[in-house]
Every structure is written in structure tokens, then in C-alpha cells.
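# Examination of the molecular architecture
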Amino acid sequence: MENKPESTATNNFIKTIIREDLKNNKNNGRVHTRFPPEPNGYLHIGHAKSICLNFGLAQEFNGITNLRFDDTNPTKEEVEYVDSIIEDVKWLGFDWDDRLFYASDYFDALYDYAVDLIKKGLAFVCEQTPEEIRLCRGTLTEPGTPSPYRNRSIEENLDLFERMKNGEFEDGSKTLRAKIDMSSPNINMRDPVVYRIKKAHHHRTGDKWCIYPMYDFTHGLSDMLEGITHSICTLEFEDHRPLYDWYLDVLETPCHPQQIEFARLNITYTVLSKRKLLQLVQEGHVSGWDDPRMPTISGFRRRGYTPSAIRDFAEKIGVTKAESIVEFSFLEYCIREDLNKTAIRRMAVINPLKVTIENYPEDMKDDYLEAVNNPEDASSGTHQIRFSKVIYIEKDDFMENPPKKYFRLYPGSEVRLRYAYFITCKEVIKDENGEVIELICTYDPASRGGNSPDGRKVQGTIHWVSAEFGKQAEVRLYDNLFLEEDPNKVPDGKTFLDNLNPNSLKVVTALVEPDLIDAKPGEHYQFERVGYFVADYKESRLGKPVFNRTVGLRDTWSKLMKK
RNA sequence: UGGGACGUCGCCAAGUGGUAAGGCACCGGAUUUUGGUUCCGGCAUUCGUAGGUUCGAUCCCUACCGUCCCAGCCA
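How each quantity is defined
- Residues numbered from 1 in each chain as written.
- Chains lettered and ligands numbered in written order.
- Predicted model: local features only at pLDDT ≥ 70, side-chain atom pairs only at ≥ 80, totals over all residues.
- Heavy atoms only, no water.
- Pairing = 2+ DSSP bridges.
- Helix = DSSP H or I, 4+ residues; strand = E, 2+ residues; numbered from the N terminus.
- Contact = heavy atoms within 4.5 Å.
- Axes fitted to C-alpha atoms, helices over the stretch in contact; angles between N-to-C directions.
- Domains from an automatic or database assignment.
- Buried area = accessible area lost by both parts, 1.4 Å probe.
- Salt bridge = Lys/Arg side-chain N within 4 Å of Asp/Glu carboxyl O.
- 1 Å grid on protein atoms, 1.4 Å probe; cavity = no way out; pocket = protein on both sides within 12 Å on 5 of 7 lines; lining within 4 Å.
- Points joined across faces, edges and corners; volume = space filled by probe spheres on them.
- Core = buried A, V, L, I, M, F, W, Y, C linked by side-chain atoms within 4.5 Å.
- Buried < 20%, exposed > 50% of the residue type's maximum accessible area, 1.4 Å probe, protein only.
- Nonpolar A, V, L, I, M, F, W, Y, C, P; charged D, E, K, R; others polar.
- Phe/Tyr/Trp six-rings, centres within 6.5 Å; stacked < 30°, edge-to-face > 60°.

The next thing to look at is the sheet that holds strand 24 (residues 531–535). Spatially, the 7 strands line up as an open sheet ordered 10-23-24-25-21-22-11, and their pairing is mixed. This sheet does not close on itself; its edge strands, each paired only once, are strand 10 (344–346) and strand 11 (348–349). Judged from the 5 bridges that link them, strand 24 and strand 25 (residues 546–552) form a sheet pairing that is antiparallel. The partner of Val 534 across the bridge, within strand 25, is Asn 548. Along the sheet face, helix 12 (residues 328–342) touches strand 10, strand 23 (524–527), strand 24 and strand 25 and points at about 115° away from the line of strand 25.

Quick look at the domain arrangement of chain A now. Reports often express the size of an interface as the amount of accessible area lost when the parts come together. Per the domain assignment, the segments making up chain A are domain 1 (31–262), domain 2 (274–344 + 473–562) and domain 3 (348–463). Between domain 1 and domain 2, the C-alpha centre-to-centre distance is 36 Å. Taken residue by residue, the interface counts 23 residues in domain 1 and 24 residues in domain 2. Carbon and sulfur atoms supply 70% of the area buried between domain 1 and domain 2, which totals about 2,100 Å² over both sides. When the area that domain 1 buries against domain 2 is broken down by residue, the three leading residues are Tyr 42, Ile 45 and Trp 91, summing to 34%. Applying the counting rule to domain 1 against domain 2 returns 4 salt bridges. Close ionic contact of Lys 321 with Glu 238 constitutes a salt bridge, the shortest N to O distance being 2.5 Å.

A separate point is the pairing of strand 23. Side-chain positions along a regular strand alternate between the two faces of the sheet. Across 3 bridges, the pairing between strand 10 and strand 23 is parallel. The residue of strand 23 that forms the bridge with Ile 344 is Tyr 525. Remark: 3 residues form the turn of the hairpin made by strand 23 and strand 24, two consecutive strands paired antiparallel; Arg 529 in that turn has positive phi of roughly 65°.

Let us look at the sheet that holds strand 18 (residues 436–444). Across the sheet, 7 strands lie side by side as 19-16-17-18-12-15-20; this open sheet has mixed pairing. This sheet does not close on itself; its edge strands, each paired only once, are strand 19 (461–462) and strand 20 (464–466).

Over the atoms, a rolled probe matching the size of one water molecule traces out where space is still vacant. For the coordinates displayed, the defined rule picks out 1 cavity of 30 Å³ or more. In this model, the largest cavity occupies a volume close to 120 Å³. In this structure, the largest cavity is lined by 14 residues; those nearest its centre are Tyr 269, Thr 270, Arg 293, Phe 328 and Leu 481.

What follows concerns the nonpolar core. Ranked by internal contacts, the top residues of the largest apolar core, which has 37 residues, are Ile 45, Ile 51, Val 89, Leu 92, Ile 267, Ile 310 and Phe 313. Listing elements by their share of this core, those giving two or more residues are helix 2 (45–60), strand 2 (64–69), helix 3 (79–91), helix 10 (297–303), helix 11 (307–317) and helix 12. The residues that make up this core include at least three from each of domain 1 (31–262) and domain 2 (274–344 + 473–562). Listed in part, the 34 residues of the second largest apolar core include Ala 114, Met 189, Tyr 195 and Tyr 212.

Okay, the layout of surface pockets next. The space that makes up the largest pocket amounts to roughly 1,600 Å³. Lining the largest pocket are 43 residues, with Asp 396, Arg 529, Val 530, Asp 555 and Ser 558 sitting closest to its centre. Elements with a minimum of two residues in the lining of the largest pocket: helix 12, strand 19, strand 21 (471–478), strand 22 (505–512), strand 25 and helix 13 (556–562). Looking at which element gives the most residues to the lining of the largest pocket, the answer is helix 13, with 5 residues. Tallied by class, the residues present in the lining of the largest pocket amount to 16 nonpolar, 10 polar and 17 charged. Looking at the lining of the largest pocket, you find at least three residues from each of domain 2 (274–344 + 473–562) and domain 3 (348–463). Volume-wise, the second largest pocket comes out at about 1,100 Å³. Glu 38, Asp 70, Tyr 215, Glu 236 and Phe 237 are the residues nearest the centre of the second largest pocket, which is lined by 43 residues in total. Sorting the residues of the lining of the second largest pocket by element identifies strand 1 (32–35), helix 2, strand 6 (193–197), helix 7 (215–226), strand 8 (230–234) and helix 8 (241–250) as the ones contributing at least two each. If one sorts the elements of the lining of the second largest pocket by residue count, helix 2 sits on top with 4 residues.

Scanning all chains against the criterion turns up 41 salt bridges. Of the charged contacts, one joins Asp 159 and Arg 163 as a salt bridge, the two residues approaching to 3.2 Å between their closest N and O atoms. Taken together, the residues Asp 159 and Arg 163, both in helix 6 (residues 154–165) and 4 residues apart, mark about one turn of the helix. A salt bridge links Glu 168 to Arg 163, with the shortest nitrogen-to-oxygen separation between them at 2.6 Å. By relative accessible area, which is 29% here, Arg 163 ends up partly exposed. Linked by salt bridges that have partners in common, Asp 290, Arg 302, Glu 474, Arg 476, Asp 536, Lys 538 and Glu 539 make up one network.

The next point concerns the packing of aromatic side chains. The full count for this structure, using the stated rule, is 29 aromatic pairs. On the basis of an interplanar angle of 65° and a centroid distance of 5.3 Å, the ring pair of Tyr 360 and Phe 387 is categorised as edge-to-face. With a gap of 27 residues between them, Tyr 360 in the loop between strand 12 (352–357) and strand 13 (368–372) and Phe 387 in the loop between strand 14 (382–386) and strand 15 (390–394) connect regions that are remote in the sequence. Phe 387 carries the same exposure label as Tyr 360, and that label is buried. Between Phe 387 and Trp 464, the aromatic rings sit 5.0 Å apart at their centres with planes inclined by 70°, giving edge-to-face as the arrangement. Here the residue Phe 387 occupies a position in the loop between strand 14 and strand 15, and Trp 464 occupies one in strand 20, the gap between them amounting to 77 residues.

This is the structure in C-alpha cells:
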């Protein structure tokens with residue numbers, strides 16, 4: 001057995017359980033997990049935590065993981081979601097080999113198990129209406145009352161259940177219910193529904209079935225059928241574990257997977273409920289499930305997050321049973337850490353201010369300067385940037401009346417243009433509204449490349465793009481979708497939608513280095529001193545790029561200014 | 001007020017009877033042609049509260065407080 005260094009292998013309570021199981025040779029030393037999404041929406045970052053957990057655990061303990069769609073409710077599930085889920089899990093970097101399953105694969109087996117339940121006298125066909133069932137279930141403090149159909153004969157139940165399957169009854173008119181304990185303090189044990197009638201078209205089984213099994217019945221048996229050893233789910237299923245166990249126990253199945261619950265992920269400034277995400281999509285508050293502001297895996301992908309950053313995040317936040325809210329900035333830290341090492345650097349001016357260098361020769365040609373592609377990665381090489389008499393700099397990099405410690409350009413100050421020359425601000429030109437529209441500067445030809453032979457120092461280095469050779473590109477500046485740390489915390493009469501950030505997307509035309517015009521969709525860049533950007537997978541085209549801001553660079557200066 | 005769970009630094013999180021890891025954030029300082037990166041240093045006498053057991057408790061016991069989940073023919 002390998003000893004992983006403590007630094008990379010963090011511990012958690014599930015690993016402790018698995019190690020103990022392995023020590024006792026439980027399951028003959030096998031570790032077999034599964035990721036069981038319901039295809040009723042796109043996967044989000046909370047699912048990513050679960051995916052990394054399930055696949056990661058198997059990897060660490062020499063096991064395997066199945067991908068299984070929990071598709072027992074045909075009225076909510078669609079193939080579009082199946083396809084997106086497969087794509088997203090793959091993109092995250094996980095592989096299930098040939099073990100792609102669907103709970104619907106087991107409908108025949110499940111039906112047989114239900115018949116067994118009836119034969120054992122442990123299930124009955126109930127004819128109560130949904131309302132009657134609810135009324136008879138009791139409350140949190142009062143026991144329920146048994147269904148009047150509870151004591152039908154096994155023969156009658158068998159007959160009725162078969163006729164349910166054959167489509168003889170209307171939706172909602174009958175159910176198959178387990179016969180457990182109507183006075184259990186655990187409401188899940190009060191004769192739960194096992195099968196319901198739904199004359200609905202299923203995305204895989206078509207019209208073969210008009211009865212569909214419920215989650216509790218399906219899940220444990222599916223786990224068992226696949227030989228799952230550790231069935232990991234979220235905390236809200238803790239109350240269901242007795243029922244999970246009950247089905248497997250009374251049906252005397254050949255194996256009995258262990259359900260283990262962990263706390264689901266919460267992140268500040270975002271919602272992670274499929275219902276709410278669906279609402280954002282359907283009501284058009286975002287452009288779709290993969291809108292770069294969405295906390296979906298496909299949204300993060302378009303935003304420019306990488307699989308490794310998301311996996312790293314999942315590892316770093318850990319796994320516990322304590323509910324917690326992770327700061328969104330923690331995720332940002334993870335993507336910056338990744339992109340810092342890998343992203344190619346380029347200069348781009350997001351908010352341009354014209355600068356004319358008055359002493360730069362009109363007829364200067366081919367003034368190529370060398371710039372490194374990534375200071376963190378020598379193997380990425382260098383590229384050439386062409387200088388010109390008129391350039392653009394960032395508006396933020398000039399102030400007419402600067403505060404103390406402002407290192408950038410102001411009247412009379414000298415700064416370095418990255419990889420180019422020292423320039424000094426000589427004159428400020430304003431429009432009729434007093435807005436600064438142009439700067440007249442001089443440059444020091446001796447400082448070519450960014451250093452002056454006389455050893456003169458400048459405090460600031462700013463980025464620039466040539467007016468003559470730079471290109472225009474659409475840049476989408478994204479910000480949090482919600483203004484509140486907890487978007488769900490709202491006054492009476494308001495909803496989480498009232499916390500939507502009206503400025504979560506700002507589209508600008510930026511000036512970028514010429515080679516960026518042919519950025520390939522999905523390519524990551526650091527726009528120096530600005531942030532990390534990705535050429536949009538969906539809408540960026542060669543020759544007409546669209547860049548999405550993944551995350552800004554850490555900005556100590558603006559933080560200082562806010563104080 | 002039935003049942004199930006959880007409470008360790010601003011945020012995440014190890015530790016589970018021998019006297020509080022780590023990461024993020026934050027605060028200093030160094031390096032820097034990105035006010036980026038990197039580096040170095042600081043950052044819980046205290047583990048929801050109160051009792052008890054013990055030579056010794058975050059870890060065991062009791063009570064209390066707080067938070068979350070459960071009354072879908074959803075998952």
C-alpha cells in the first residue's frame with residue numbers, strides 16, 4: 001500500500017470509513033462508487049464536488065466509479081440534460097469506461113423486486129388519492145393512520161399491481177406502497193410509495209412503462225445491482241438511509257452498499273438549486289445554462305475556468321458533514337493559481353486613452369520589441385510587438401491629480417511602457433466637458449526595451465497597445481450574478497431574483513495585440529495587469545474574437561485606494 | 001414542541017484523551033519591466049455554553065443554546 005504525502009492527500013471522514021472497510025476486508029477489498037445525477041438540469045459546481053469525491057475516492061483506493069442516470073421521473077428528464085452531463089463529467093477529467101448506466105436499465109428487475117415485496121406481504125396497492133395519503137401520513141409530532149387498503153391479500157395486490165403495469169388505471173389513481181410503520185417517527189418509513197402511475201413518455205424506455213419506481217426503492221437496488229460498495233450522497237438523504245437499508249434487507253439482496261452522507265456545497269453570491277437555476281434560464285435572466293455567470297460546470301467552462309482548477313477547489317474545500325458556505329473568492333484563488341502558471345500573456349487595453357508621443361519619428365518603421373509569453377514558463381518563448389507614434393493606454397493608468405503613491409502616469413511623471421520605452425506626460429488634452437481625451441508625451445529612445453542606460457528608475461510600468469497595429473475585440477466583463485452573499489436572504493415579498501446584479505455583464509470593445517484577433521475558442525490569456533480571459537467557446541470566431549473575463553488579477557492598489 | 005444531523009480563527013478544514021495541522025483572507029517586510037507572481041514573518045492559552053469524569057478533555061458523560069433537514073404519487 002502506498003503512503004501518500006500528507007500535503008497532497010487531505011483526510012476526510014469518508015476516507016476514514018473506507019480505510020476501515022479495507023482493513024476489515026469488507027467487500028473483498030473493493031471500492032466501487034457511482035455518480036448518480038438526475039438528468040433534469042445541467043450539472044453545477046456542487047455536483048463537481050460530488051463528482052470529484054466519488055471518482056477521486058475510487059482513484060485513491062484503486063476502485064472504479066460508475067456514471068448512472070437516476071431517470072425514474074420521465075416528466076422532468078430530458079436527453080439534452082443527459083448529453084450535457086456526459087460532456088461535463090468528461091470535461092472535468094473523469095472516466096467511467098464502459099460503465100454508463102441508467103436506473104431505467106433496471107426497470108424490469110425493479111418490477112420483479114416489487115413483486116417480491118408483495119409476495120413477502122411487505123407491499124400493497126393503495127387507492128388513496130394524493131390528498132388522502134398526505135392526510136393519513138400524520139405530522140412531525142403525530143403518527144399517521146394506516147391506509148384502508150393496507151390489508152389486501154397478496155393475490156389481490158399481485159393482480160392489481162400487474163394491472164397497474166398494464167395501464168388499466170389512470171395516473172394517480174393507485175400506488176404501490178411498502179408496508180412498514182405508519183407510526184414511525186421517521187416519516188419516510190410511514191408506508192412510502194414504491195411505484196406510481198405516470199403515463200408519460202420516457203427518454204429511454206419510451207412508452208414501455210406507465211408505472212415508475214420511486215427514488216428510495218430504485219436507488220439502493222440500483223447500487224446493489226451494480227455492486228456499489230460506498231453510496232455517497234448529500235445530507236438531506238440521511239433520513240432516507242433507514243429506508244434504503246430496509247429495501248435491501250427485506251429483499252435479502254446479495255450485497256448491501258453503504259450509504260454515506262456529506263454536506264453539499266454552498267458558495268457566496270450564488271445559488272445552487274436546480275430549480276432556481278432553471279428559473280434563471282427560463283425567465284431569461286441569463287443567456288442559458290452555460291451563461292458564463294452561471295455556477296454550472298458549462299458556465300464555468302465558458303467563463304474560462306479549467307478542470308484542474310475546479311478539481312483543486314473540490315480537494316481544497318474538503319468533505320464533511322458540517323454545512324458551510326465557501327467564499328466565492330476561494331474559487332477565484334484556485335483559477336488564478338492555475339492560470340498564472342499556464343496562461344499566455346498579452347497586452348489589451350479595456351478602456352482606451354489615446355497617447356501621442358510627440359518626439360517619436362513620423363517615419364519610424366518596423367520598431368519591433370520583444371515580449372515574453374509567460375514569465376512563469378520559460379518554454380513558452382517570446383513574441384514581437386510593434387511600436388508606433390500613437391498608442392492607447394488604460395484610462396485608469398492616468399490621473400491628472402493623483403493621490404500619494406500613485407505610480408502611473410500624471411502630468412510630468414515618467415513611466416515605463418511594458419517591453420517598450422519610458423514616456424513622460426507633457427500635456428493633457430480635454431474635450432469641451434473637461435474629459436481627458438488625449439495625452440501628449442515624449443519618449444526616451446535610449447530606454448528601448450524598458451531600461452534606461454543611465455540607470456534611471458521609474459515607479460510604474462503600464463501596458464499599451466499600438467493604435468496603428470492593435471486590433472479591436474469584444475470583451476465581456478463578468479461579475480457576480482448576485483449582489484448579496486446569500487442571494488436567498490430577502491425581505492418579505494422579495495425573491496432571490498431581487499438580488500440579481502444588474503451589472504453582472506458589461507460588454508466593451510477593447511484594443512488588443514494583433515495576434516489575438518485569431519485566438520482560438522477556449523484559449524486562455526492573461527491580459528497583463530488586467531486579468532485572465534478566455535476566447536469564448538461558443539461565440540468567438542477566428543478574426544472576430546470574443547473574450548470572457550474569467551477573473552481579474554489580484555489588485556492591491558485598488559484595495560489600498562478603497563481604504 | 002417527533003425524528004435525523006451539525007457546531008474548531010473572518011471563510012474552509014485536520015486533529016477525537018496528552019496539552020490546537022494546513023489552505024484562503026488579513027497584516028507586516030523582501031524581490032519584481034504585470035501595484036501580478038514568488039519569498040519571508042505575523043495571525044485560536046483556545047475548540048457553541050455550563051457542569052461532570054480524569055493527573056490531564058476539542059476529544060468521554062450530562063444538560064442547555066444555536067443552525068440545518070424531513071409531513072412530493074421529486075430526486
